[in-house]
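Examining the three-dimensional arrangement
Here are the chains, one letter per residue:
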Amino acid sequence: MTAQTIKSKAAVAWAVGEPLSMEIVDVMPPQKGEVRVKMIATGVCHTDAFTLSGDDPEGIFPCILGHEGGGIVESIGEGVTSVQVGDHVIPLYTPECGECKFCKSGKTNLCQKIRATQGKGLMPDGTTRFSKDGVDIFHYMGCSTFSEYTVLPEISLAKVNPAAPLEEVCLLGCGVTTGMGAVMNTAKVEEGATVAIFGMGGIGLSAVIGATMAKASRIIVIDINESKFELAGKLGATDFINPKDYDKPIQDVIVELTDGGVDYSFECIGNVNVMRSALECCHKGWGESVVIGVAGAGQEISTRPFQLVTGRVWKGSAFGGVKGRSELPEYVERYLAGEFKLSDFITHTMSLEQVNDAFDLMHEGKSIRTVIHF
Ligand code: NAD
Ligand code: AHE
Ligand code: ZN
Ligand code: ZN
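A short tour of the structure in this document, coming up. Computed from a prediction, not measured in an experiment: that's the story for all the values here.

1. Observations regarding the overall build of the protein
The helix and strand inventory of the protein stands at 12 helices and 17 strands. Here the C-alpha atoms of the protein give a radius of gyration of 20 Å, agreeing with the 21 Å that 2.2 N^0.38 yields for 374 residues. For the protein, the spread of C-alpha atoms along the three principal axes comes to 65 × 40 × 40 Å. Every one of the 374 residues in the protein was classed for burial, and the buried ones make up 56%. For the protein, the exposed area adds up to about 15300 Å²; of that, 51% sits on carbon and sulfur atoms. The average position of the 32 basic charges and that of the 46 acidic charges among the side chains of the protein differ by 5 Å.

2. Concerning the site of ligand 1
Neighbouring ligand 1 are 27 residues, the closest being H46, T47, D223, I292 and F319. Between ligand 1 and the protein, one listed contact pairs an oxygen atom with a backbone N or O atom of I269 at 3.0 Å. Here I292 contributes a backbone N or O atom positioned 2.9 Å from a nitrogen atom of ligand 1. Alone, ligand 1 offers 870 Å² of accessible surface; in the complex the protein occludes 88% of this. When grouped by side-chain class, the residues that make up the shell around ligand 1 number 13 nonpolar, 11 polar and three charged.

3. Comments concerning the sheet that holds strand β12 (residues 239-241)
On the basis of which strands lie adjacent, the open sheet formed by six strands has the order β12-β11-β10-β13-β14-β15 and parallel pairing. This sheet does not close on itself; its edge strands, each paired only once, are β12 and β15 (313-316). With strand direction ignored, the average angle separating the axes of adjacent strands in the sheet is 20°. Across four bridges, strand β10 (residues 194-198) lies against strand β13 (residues 264-267) in parallel orientation. Following the sheet pairing, F198 is matched in β13 by E267. Contacts between helix α8 (residues 250-257) and the sheet are confined to β10, β11 (218-222) and β12, with β12 contributing the most and set at about 160° to the helix.

4. Here's the deal with the pattern of salt bridges
Side chains carrying opposite charge are able to pair once their charged atoms draw close together. This model, assessed by the stated rule, comprises 18 salt bridges. Between K159 and D87 there is a salt bridge, and its shortest N-O distance comes to 3.6 Å. Taken together, the positions of K159 in strand β9 (residues 157-159) and D87 in the loop between β4 (68-76) and β5 (88-91) put the pair 72 residues apart, joining distant regions of the chain. By relative accessible area, which is 45% here, K159 ends up partly exposed. With relative accessibility at 11%, the residue D87 sits in the buried group. Salt-bridge contacts for D344 lead to K234; the nearest nitrogen and oxygen are separated by 2.9 Å. Taken together, the residues span a long stretch of sequence, with D344 in the loop between α11 (324-336) and β16 (346-351) and K234 in helix α7 (residues 229-235) at a distance of 110 residues. The class for D344 is buried, based on a relative accessible area of 16%. By relative accessible area, which is 57% here, K234 ends up exposed. Three or more residues joined by partner-sharing salt bridges are found here, namely E34, D125 and R129.

5. Focus on helix α9 (residues 272-280)
Residues that lie three or four places apart on an α-helix share one face, since the helix turns once every 3.6 residues. Within α9, seven of the nine residues are buried, which leaves the element mostly enclosed by the surrounding structure. Among all positions of α9, only V272, V274, M275, S277, A278, L279 and E280 are buried. The elements touched by buried residues of α9 are β10, α8, β13, β14 (288-291), α10 (305-309) and β15. You can read the cap of α9 off the contacts: a side-chain oxygen lies 2.8 Å from the backbone nitrogen of N273, and it is on N271.

6. Structural notes on the site of ligand 2
Neighbouring ligand 2 are C45, T47, D56, P57, E58, H67, Y93, R115, M141, C174, V294 and A318. Between ligand 2 and the protein, one listed contact pairs an oxygen atom with a side-chain N or O atom of T47 at 2.5 Å. Surface burial for ligand 2 is 71%, taken as the share of its 540 Å² of free accessible area covered by protein chains.

7. Some points on the coordination of the zinc ion (ligand 3)
When a metal carries six donors in an octahedron, the ideal angles between them are 90 or 180 degrees, while four donors in a tetrahedron ideally lie at 109.5 degrees. Surrounding the zinc ion (ligand 3) are the protein donor atoms C45 (SG), H67 (NE2) and C174 (SG), at 2.0 to 2.3 Å. Read from N- to C-terminus, the donor residues coordinating the zinc ion (ligand 3) fall into the pattern C-x21-H-x106-C. Remark: C174 occurs in the loop between α4 (166-169) and α5 (175-187) and C45 occurs in the loop between β3 (34-43) and α1 (46-53); sequence separation between them is 129 residues. In terms of burial, C45 and C174 fall into one category: buried.

8. Remarks on the coordination of the zinc ion (ligand 4)
Coordination of the zinc ion (ligand 4) by the protein is provided by C97 (SG), C100 (SG), C103 (SG) and C111 (SG), with metal-donor distances spanning 2.3 Å. Relative to the metal, the four donor atoms surrounding the zinc ion (ligand 4) lie at angles of 105 to 114°, and the coordination shape comes out tetrahedral. Summarised as a motif, the one-chain spacing of the donors to the zinc ion (ligand 4) is C-x2-C-x2-C-x7-C. Pair noted here: C97 is in the loop between β5 and α2 (101-105) and C111 is in the loop between α2 and α3 (115-119), with a separation of 14 residues, a long-range link. When its relative accessible area of 17% is taken as the criterion, C97 is described as buried.

Conventions and cut-offs
Residues numbered from 1 in each chain as written. Chains lettered and ligands numbered in written order. Predicted model: local features only at pLDDT ≥ 70, side-chain atom pairs only at ≥ 80, totals over all residues. Heavy atoms only, no water. Helix = DSSP H or I, 4+ residues; strand = E, 2+ residues; numbered from the N terminus. Rg over C-alpha atoms; globule rule 2.2 N^0.38 Å. Buried < 20%, exposed > 50% of the residue type's maximum accessible area, 1.4 Å probe, protein only. Areas by Shrake-Rupley, 256 points an atom, 1.4 Å probe, with all protein chains shown as cover. Lys, Arg positive; Asp, Glu negative; His and termini not counted. Charge placed at Lys NZ, Arg CZ, Asp CG, Glu CD. Near = heavy atom within 4 Å. Polar contact = N/O pair within 3.5 Å; in protein donor to acceptor, adjacent residues only side chain to side chain. Nonpolar A, V, L, I, M, F, W, Y, C, P; charged D, E, K, R; others polar. Pairing = 2+ DSSP bridges. Axes fitted to C-alpha atoms, helices over the stretch in contact; angles between N-to-C directions. Contact = heavy atoms within 4.5 Å. Salt bridge = Lys/Arg side-chain N within 4 Å of Asp/Glu carboxyl O. Donors = N, O, S within 2.8 Å, 3.2 Å for Na, K, Ca; no water. Tetrahedral: all angles 85-135°; square planar, octahedral: opposite > 155°, others 65-115°.

This is how it looks when you write it as structure tokens:
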């Protein structure tokens, strides 16, 4: 049977800085190469708040935010072969087409096949599938998981083991994969290495899991909110630093603590000053710092070039360097095998109607991840 336009509950961001508004929107059927997904659960990531705040140069309104979801295929468009109705899927803001220059390079997970239209809030054919009373609503990061039903390109879906609870593995759609992947794929932290992780939100705590799995000898965590340290310790962090306790640059504190600096550092906040600290707390000659946090429009990083001349390396990581379609299902299997837990991250669960409360909890530093159940 051909799919029809359906009504869907959605939290719409009508304008920058405004609370999301619960609406019944129209969701068109999936077009050629597209899939319509019934969302089961979605996490709320700091990047959703970042875009709503107006700091994202690609922010475009009205839109439906959300990019950390888990759902079930409701209908498929013409030519779709890799998923079928009923499959359990995780939406991917970093798709994997397998045929673009980036995919073929083997050097990056940053598939660019649909990046231009995705950045404009549109499907690959340049149009949107969402509307309300005839007004078009834009997609967000190609995912828009704050809607009961959403449409994605086939290449933006990872098919995962249906045995995995979507209410938990939705977190692998962004935060947990990003943190773990940055440590294991991007930095390739080795056994015995020393690590500093700045920011103990969902991303930083997942980086702690990655560092623990990599058997790092020392995992130093830095946050201005000490309530985050308990879970960090449970996940394997060994040293806990609140920069507010010191009257000197935090990189100096870490360099002294580690006989010259750490082997690897990770910035999981989105603060360009902290990015500098993260680079400068790395060991001369070989220390590597990975930028994960997303900084606002117009912000720039700086350091003395001498920091790089003397062997420190500055790099970045998107979605933990993970190729969504070919590698994410394996993360789900590792979760199912008990290699890591996701429930620790879920401090709050709520309905879509309460999504603004989830943003408040994040801004107040009271949540790690809120998961919305549909
Ligand atoms: P979060 O808000 O849950 O956590 C941020 C943490 O940083 C909080 O614990 C906060 O107390 C701490 N913090 C804030 N300012 C600090 C400072 N000056 N010094 C030390 N700690 C400080 O956020 P999150 O969801 O974990 O996301 C973290 C960042 O990662 C955001 O910028 C987000 O946009 C970005 N992100 C990037 C990717 C990627 O692929 N690169 C993926 C997901 C999220
Ligand atoms: N749109 C912003 C950049 C936002 C950004 O850096 N996004 C990360 C993922 S954050 C997930 O929570 C990312 O993967 N970026 C790679 C990409 O291609 O978007 C801007 O500055 O324009
Ligand atoms: Zn995210
Ligand atoms: Zn590609």
